[in-house]
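Here is how the chains run, residue by residue.
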Amino acid sequence: MSQPNVVCLLTDQWRLQALGYAGNTQVQTPNIDRLAGESLNFVHAVSGYSVCCPWRASFLTGQYPLTHGVIVNDVPMWRVGSRGHRPADTATLTGNPVGLGDAFKGAGYRTGYIGKWHVDGRGRRSFIPPERRLGFDYFKALECSHEYNQSAYYDNDDQTIRFWDGYDVFAQTADAQDFIVGASRRDARCAKPFLLVLSWGPPHNPYETAPPEYRELYNPPEIELRPNVPPAMADQAREWLAGYYAHCTAIDKSVGDIVDVLDKRGLADNTVLVFASDHGDMLGSQGEVRKQKPWEESIRVPFLLRYPAKFGREAREVAPFLNAHDIMPTLLGLCGLPIPDGVDGRDLSASVARRVPWTQTRRHCQVPDGRADAGSPGALLACFHPFGEWSRPLGGREYRGLRTARYTYCRTLQGPWLLYDNEADPYQLRNLCRVDTGSPVDQPDHAELLAELEALLQGELAAMGDEFLPGMDYIKKWGYPLDDTGTVPIR
């Protein structure tokens, strides 16, 4: 079997709870649901640092944020000389880590990237030159925009700003289809496999900007809310969700278009096709908005992987805990390619292929049907420095935590903060760390559980070299400029 093609379909801010295959009966996602019926479903995929730039930089490098240094939005990603260290004099910093595109290009792949980039950090409409594209040769992208109609982009090396025609999800998808068709037309004797990342902007807010025919599918008063949305936010949350679902259904059409072109070109069987999201969206749950937070709506994300030549077309749930920095080494492992030095993430390819039996016995690690965890007790959660829509004036705080198969545990610099039993309390309505007496837990067995989870968390932090320092320590060390809210100003 020849080396497989790889197509990654990335969405921005699509929470797991907004998909038909994940149990949502309101949102219309028929194409993604069909894809789920032929894919490995990573049921423990977690956005451990649930905000755009840290997640994307880790996806593109396989590194933990304290390695690549992108701990907040809108800062540059530079090569670092040692783990988590770079001088405050940013003028001396050049180069980038070995990226996803670099690794595949070095193995003879054609590489393409279309859509939102958001790891360059030199202005959201700035031109991104080839040396800062992490090995992607075909490059039709913009640093960041949330204008989804007639949105701007740069066409490869042309420094003239251009604009996608109409709703950019559809225009970018058409361009991705052209890339796939062009790659498959090459003479079979000299054809190269290809890596394509298609990075859509929605369903990230603004929620109300999907095409009218998709907005008409959802009537706000008919939207059902999760039980953890407080009544005071109910009307607003329904308005948000109606627009959010409209974006979701529009993207679903484009997922179907990509699946269709792979089928028609005879590429589907030997293509690793991934559908994923960088993080979720609170949308009123817990009385909160957007992301960065450790609650389920912010951290739980879809991750579907279809590779028929290796896994067939039978739907299968797989249990390894998958975080952003695990994606690059896992894709390389599936393709039989070497993993670059400096990658922090785990290659989970062997685990999902072998169906490794479950071996953990701790109660917080147990998975009911005996699936594998690939040696990890859970997914590490982190906010390195709160900013933007969750800045300190809005209640933001540094935290580290662990999402296991059953529990969510988080601590701040002051001590334990959140502990949820997600099996008994799926909407996280009862925090076992907070009681009126001021005690960190309200029952002795909770104290034992918290101690277990704290020990596991410390082990994961040690493995990542994370000392859990105050956010300003990292900001000062790396010389990031902040405004009065603690946010790097958008340029």
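Residues numbered from 1 in each chain as written. Predicted model: local features only at pLDDT ≥ 70, side-chain atom pairs only at ≥ 80, totals over all residues. Heavy atoms only, no water.

Undergrad: How do you make sense of the overall build of the protein chain when you look at a structure like this?
TA: When helices and strands are tallied, the protein chain shows 13 helices and 14 strands. Looking at the protein chain as a whole, 61% of its 491 residues are labelled buried. For the protein chain, the share of sequence-separated contacts (at least 6 apart) that also reach a separation of at least 24 residues comes to 69%. Total accessible area on the protein chain stands at roughly 18400 Å², and carbon and sulfur atoms take up 48% of it. (Helix = DSSP H or I, 4+ residues; strand = E, 2+ residues; numbered from the N terminus. Buried < 20%, exposed > 50% of the residue type's maximum accessible area, 1.4 Å probe, protein only. Contact = heavy atoms within 4.5 Å. Areas by Shrake-Rupley, 256 points an atom, 1.4 Å probe, with all protein chains shown as cover.)

Undergrad: Hey, could you run me through the nonpolar core in this one?
TA: One broad trend across soluble globular proteins is that nonpolar side chains are buried collectively. Of all hydrophobic cores here, the largest spans 75 residues; its most connected members are Phe42, Phe104 and Leu305. Excluding residues that lie within four positions of it along the chain, Phe104 makes contacts with Val6, Tyr109, Thr111, Leu195, Leu331, Leu332, Cys335 and Leu337. (Core = buried A, V, L, I, M, F, W, Y, C linked by side-chain atoms within 4.5 Å.)

Undergrad: Help me out: how do you make sense of the sheet that holds strand E14 (residues 415–421) in this one?
TA: Pairing between the strands of a sheet is mediated by backbone hydrogen bonds and can be parallel or antiparallel. Strand order in the open sheet formed by four strands is E11-E12-E13-E14, and the pairing between neighbours is antiparallel. The sheet is open, and its two borders are formed by strand E11 (379–383) and E14, each paired with just one other strand. Strand after strand, the sheet turns through a mean of 15 degrees between neighbouring axes, direction not considered. The sheet contact formed by E11 and strand E12 (residues 399–403) spans five bridges and is antiparallel. Across the sheet, the residue bridging to Leu380 is Leu402, located in E12. (Pairing = 2+ DSSP bridges. Axes fitted to C-alpha atoms, helices over the stretch in contact; angles between N-to-C directions.)

Undergrad: I'm lost on the sheet that holds strand E5 (residues 152–155) in this one. Help?
TA: Strands sit in the order E6-E5-E4-E3-E7-E1-E8-E9-E2-E10 across an open sheet of 10 strands; the sheet is mixed. Each end of this open sheet is capped by a strand with a single partner; those strands are strand E6 (162–163) and strand E10 (316–318). Pairing of strand E1 (residues 5–12) with strand E7 (residues 194–203), which is carried by six bridges, proceeds in the parallel orientation. From the neighbouring strand, Asp12 faces E7, where its bridge partner is Pro203. Strand contacts of helix H7 (residues 234–264): E1, E7, strand E8 (271–277) and strand E9 (303–306), with the helix running at about 160 degrees to E7, the strand carrying the most contacts.

Undergrad: Got a minute to help me understand unusual backbone geometry in this structure?
TA: As a rule of thumb, non-glycine residues mostly have phi less than zero, and peptide bonds are mostly trans rather than cis. Cis rather than trans, the peptide bond between Pro202 and Pro203 has omega equal to 5 degrees. Summarising the element assignment, Pro203 is placed in strand E7. For the bond from Asn205 to Pro206, the omega torsion is 10 degrees, close enough to zero to count as cis. With respect to the helices and strands, Pro206 occurs in the loop between E7 and helix H6 (212–215). Positive phi, close to 65 degrees, is recorded for Asp74, a residue that is not glycine. You can see Asp74 is positioned in the loop between helix H3 (65–68) and helix H4 (100–106).

Undergrad: So what exactly am I meant to see when it comes to the pattern of salt bridges here?
TA: Side-chain pairs of opposite charge can arise whenever the charged atoms involved come near each other. Enumeration over the complete set of coordinates arrives at 28 salt bridges. A salt bridge links Glu38 to Arg313; the nearest nitrogen and oxygen atoms lie 3.1 Å apart. Here Glu38 is found in the loop between helix H1 (30–36) and strand E2 (40–42), whereas its partner Arg313 is found in the loop between helix H9 (308–311) and E10, with 275 residues between them in sequence. Here Arg313 falls in the partly exposed class, since its relative accessible area comes to 35%. Taking the shortest distance from any N to any O, the salt bridge between Glu297 and Arg226 comes out at 2.9 Å. You can see Glu297 sitting in helix H8 (residues 296–299) and its partner Arg226 sitting in the loop between H6 and H7, a full 71 residues away along the chain. Here the salt bridges share partners, and the residues they tie into one network are Asp12, Arg56, Lys116 and Asp278. (Salt bridge = Lys/Arg side-chain N within 4 Å of Asp/Glu carboxyl O.)

Undergrad: What should I look at first to understand the side chain of His279 in this one?
TA: Among the structural elements, His279 can be located in the loop between E8 and H8. Classification of His279 as buried rests on a relative accessible area of 0%. Within the local environment of His279, its side chain forms a polar contact with the side chain of Asp278, the two groups lying 3.4 Å apart. Among all residues touching His279, those that are not within four sequence positions of it are Asp12, Gln13, Trp14, Arg15, Ser47, Ser50, Val51, Cys52, Lys291, Ser298 and Val301. (Polar contact = N/O pair within 3.5 Å; in protein donor to acceptor, adjacent residues only side chain to side chain.)

Undergrad: Help me out: how do you make sense of the packing of aromatic side chains in this one?
TA: Both the distance between ring centres and the angle between the ring planes are used here to describe each pair of aromatic rings. Evaluated as defined, the whole model comprises 28 aromatic pairs. Judged by centre distance (5.9 Å) and plane angle (70 degrees), the rings of Trp295 and Trp417 are edge-to-face. Of this pair, Trp295 sits in the loop between E8 and H8 while Trp417 sits in strand E14, and the two are 122 residues apart along the sequence. Classification of Trp295 by relative accessible area gives buried; the value is 8%. Of the aromatic side chains, those joined through ring pairs into one cluster are Tyr113, Trp117, Phe136 and Phe139. The positively charged end of Arg110 is found above the aromatic ring belonging to Phe179, 5.3 Å away from the centroid. Positioned over the ring face of Phe170 is Lys253, at 5.1 Å from the centre of the ring. (Phe/Tyr/Trp six-rings, centres within 6.5 Å; stacked < 30°, edge-to-face > 60°. Lys NZ or Arg CZ within 6 Å of the ring centre and 35° of its normal.)

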